[in-house]
Number of protein chains: 2
Amino acid sequence: MTAKQRKTRPQAVLPDLPSTSYAVLGLLSGERELSGYDLRKWASNSLHFFYWSPSLSHIYAELRRLEGLGLVSQRIEPRGELRARRLYRITPAGLDAVRTWVRTAPVDSTVLKHSVALRVWLGHLIGLDSVHDLVAEHIAATEMLITDIRRAHDTAPAETTNAYAQAILEWAQEMQAAEIDAFGRLQAKLDRTRPALPAKAS
Amino acid sequence: MTAKQRKTRPQAVLPDLPSTSYAVLGLLSGERELSGYDLRKWASNSLHFFYWSPSLSHIYAELRRLEGLGLVSQRIEPRGELRARRLYRITPAGLDAVRTWVRTAPVDSTVLKHSVALRVWLGHLIGLDSVHDLVAEHIAATEMLITDIRRAHDTAPAETTNAYAQAILEWAQEMQAAEIDAFGRLQAKLDRTRPALPAKAS
C-alpha cells in the first residue's frame, strides 16, 4: 500500500472476524431474507469458484457468530403444512461491516494451496510419465470446472447477480482456461527436456 | 477420477497427514540434511509461490510430527565456536510416504481463497471507482510477485532445483501474468457497463 493510499484510506475499525464471516455477510448483503440452505446453494454457484465452498454446518456456525455480534438477525417463518424455517437478514451494522471490509481488507490475503503444482514440483520422485498422467488428470478436472462455472454464470437468477458477480465468474473462467494453457506449456517444456529426465521415478 | 484410473492406481496406505507435512517431506526428499532455517529459506523461494509460506515454528511443528512417525530423523551438528544446530534428514519410510502421496493424492484438493475476487464480487457495496482502485492495487502487487518469482527462478541454487522445480516457477509466473491480464479485461468490461453501474456505493 502506498503512502497516498494509506492517507486516503483511514484504518477502519472492523470486527475481528475470519474472511469467511465476511463472505456470508456478503451473500446477505442484497438485504433479502435467506435460509441457511439458500446461502449454501448460492455459495456453491458463486463463491465455490474463487473462494469457499462451505458446508451447511459451517454456514450455520458463521450465522450464529454473526448474530451474536448483531450483524445478522433471524426469524422463524411458519409455512403451514411444511416445516417452519429460519430466515436470516443482514442488519445495518452488518452492512456497514461488510462494506468496510470490502473497501479496506488487505490485497495480499489470497490463499493458494495448489497441490497439483506441489506434486509436479516433486516430479523427480515419480518420473516424467507419472507427471504427465497427473497433469492430464488435472487438465480434465479443470475442463469440467470451466463447464460448471459457465453454467453458474449463464443460469444465475436475476436476484442473486449483477455486473460485478457476472464479471467475476467470467474472470474465473478465464483463469481456469489460463491454467489449462499454462499446464499444457509445462508438459511440452518437460517433454523437450525428456532426454535429461528419467521417465521413471528417481 | 475415471474407472480406469481407479483400477490402475490402487488406493495407497498413507499416513493420515495434512498436505503441509508432505510439503516438508518434499523439501527433504533430495536426501540432504537440512536445518529448520534452511527449510524455511527454501520454502520462501519455492513453495511460497504456489503452496505455502511456513513460519519457522510451523516447520518445527511439522518436523516433530514427522520425526514421531519415523519419517524424518535428526542429529545435532557441533560447529566449534558457533552454536550447534539440529539437522534433519528424510528416512526411507519418509521417502516412500512422500513418493506415494505425490503419485496418488487427489487432484481436487487445491485450495483457492481469492479475497480480491470476493471483494470485486461484492463491488456493488463500494461502487465502481473503489473497485477500480482495489483491482489496480492488486495488479501492482501481482507485478511485484512476478518479479519475486522470476528472481527465485533465476537464482535457485543447483542443489535445490531441477527441471520440474524450474518448470513450476515458470508456470507460476505465467499464471500471475494471466491474473493481471484477466483483471485488466474485467476492468475494461466493468467500464463498458459503467452507465448501468453507480460509481459510488449502493
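So, how was this worked out
Residues numbered from 1 in each chain as written. Chains lettered and ligands numbered in written order. Predicted model: local features only at pLDDT ≥ 70, side-chain atom pairs only at ≥ 80, totals over all residues. Heavy atoms only, no water. Contact = heavy atoms within 4.5 Å. Buried area = accessible area lost by both parts, 1.4 Å probe. Salt bridge = Lys/Arg side-chain N within 4 Å of Asp/Glu carboxyl O. Polar contact = N/O pair within 3.5 Å; in protein donor to acceptor, adjacent residues only side chain to side chain. Helix = DSSP H or I, 4+ residues; strand = E, 2+ residues; numbered from the N terminus. Nonpolar A, V, L, I, M, F, W, Y, C, P; charged D, E, K, R; others polar. Pairing = 2+ DSSP bridges. Phe/Tyr/Trp six-rings, centres within 6.5 Å; stacked < 30°, edge-to-face > 60°. Buried < 20%, exposed > 50% of the residue type's maximum accessible area, 1.4 Å probe, protein only. Lys NZ or Arg CZ within 6 Å of the ring centre and 35° of its normal. Least-squares fit on C-alpha atoms with pLDDT ≥ 70 in both. Axes fitted to C-alpha atoms, helices over the stretch in contact; angles between N-to-C directions. Parallel < 35°, antiparallel > 145°, perpendicular 65-115°, else oblique. Left-handed = near helix turned anticlockwise from the far one by under 90°.

### Comments concerning the interface of chain A and chain B
Contacts between the two partners involve 74 residues from chain A and, on the opposite side, 74 residues from chain B. When chain A packs against chain B, close to 7000 Å² is buried across both sides, 64% of that on carbon and sulfur atoms. Sorting the residues of chain A by area buried against chain B places Lys113(A), Trp121(A) and Tyr164(A) first, and these three jointly supply 14% of that buried surface. Along the contact surface separating chain A from chain B lie six salt bridges. Among the ionic pairs, Lys189(A) bridges to Glu170(B), the shortest N-O distance being 2.6 Å. Our count for the chain A to chain B interface comes out at 25 residue pairs in polar contact (both at pLDDT 80 or more). Looking at the side of chain A that touches chain B, the elements with two or more residues in it are helix 2 (19-28), helix 5 (92-104), strand 3 (111-113), helix 6 (115-121), helix 7 (128-155) and helix 8 (163-192) of chain A. Per-class residue counts for the side of chain A that touches chain B are 44 nonpolar, 18 polar and twelve charged. As defined by bridge partners, strand 3 of chain A adjoins strand 3 (residues 111-113) of chain B across three bridges and the pair is classed as antiparallel. Residue Lys113(A) lies in a different strand from strand 3 of chain B, and its bridge partner there is Val111(B).

### A word on the packing of aromatic side chains
Counted according to the given criterion, the structure contains eight aromatic pairs over all chains. Ring centres 5.9 Å apart and planes at 55 degrees place the aromatic pair Trp121(A) and Trp42(B) in the tilted group. Residue Trp121(A) is found in helix 6, and its partner Trp42(B) is found in helix 3 (residues 36-44); the two belong to separate chains. We classify Trp121(A) as buried; its relative accessible area is 5%. When the ring centre of Tyr51(A) is taken as reference, the NZ or CZ atom of Lys113(B) above it lies at 5.4 Å.

### Points about the pairing of strand 2 (residues 82-90) of chain A
All names here are of chain A. Where strand 1 (residues 72-79) lies against strand 2, seven bridges are found, and the strand directions are antiparallel. Within strand 2, the residue paired with Ile-76 across the bridge is Arg-86. Here strand 1 hands over to strand 2 after two residues, with Gly-80 in that stretch at a positive phi of 60 degrees.

### Overview of the relation of the copies chain A and chain B
When chain A is fitted to chain B, the residual RMSD is 0.0 Å, and the transformation amounts to a turn of 180 degrees plus an axial shift of 0.0 Å. A rotation of that kind, with that shift, is consistent with a two-fold axis. When each C-alpha of chain A is compared by its distance to the rotation axis, Leu112(A) comes out closest, at 2.4 Å. An overlap of 100% is found between the interface residues of chain A and their copies at the interface of chain B, pointing to a shared contact surface.

### Side note on unusual backbone geometry
In this structure, Glu31(A) is a non-glycine residue whose phi angle is positive, near 70 degrees. With respect to the secondary-structure elements, Glu31(A) resides in the loop between helix 2 and helix 3 (36-44).

### A few points about the environment of Val102(B)
With respect to the secondary-structure elements, Val102(B) resides in helix 5 (residues 92-104). Taking the C-alpha atoms as reference, Val102(B) lies 40 Å from Asp133(B); in sequence the two are 31 residues apart.

### Quick look at the side chain of Gln173(A)
Mapped onto the fold, Gln173(A) is located in helix 8. Setting aside residues no more than four positions away along its own chain, Gln173(A) makes contact with Ile146(A), Ile149(A), Arg150(A) and His153(A).

### Focus on the pattern of salt bridges
Here the structure, examined in full by the defined rule, presents 14 salt bridges over all chains. Between Arg75(A) and Glu33(A) there is a salt bridge; the shortest N-O distance is 2.6 Å. In this pair, Arg75(A) sits in strand 1 while Glu33(A) sits in the loop between helix 2 and helix 3, placing the two residues 42 residues apart along the sequence. Within this structure, Glu170(A), Glu174(A), Arg185(B) and Lys189(B) form a network of salt bridges that share partners.

### Some remarks on the packing of helix 2 of chain A against helix 5 of chain A
If you want to describe how two helices pack, look at the angle between their axes and the distance between the axes. All names here are of chain A. Relative to each other, helix 2 and helix 5 sit at 120 degrees, their axes nearing to 10 Å. The angle between helix 2 and helix 5 places the two elements in the oblique class. Here helix 2 runs over helix 5; the crossing is left-handed. On the side of helix 2, the interface is formed by Ser-19, Tyr-22, Leu-25 and Gly-26, while helix 5 contributes Gly-94, Ala-97, Val-98 and Trp-101. In terms of residue class, the contact of helix 2 with helix 5 is built from five nonpolar, three polar and no charged.

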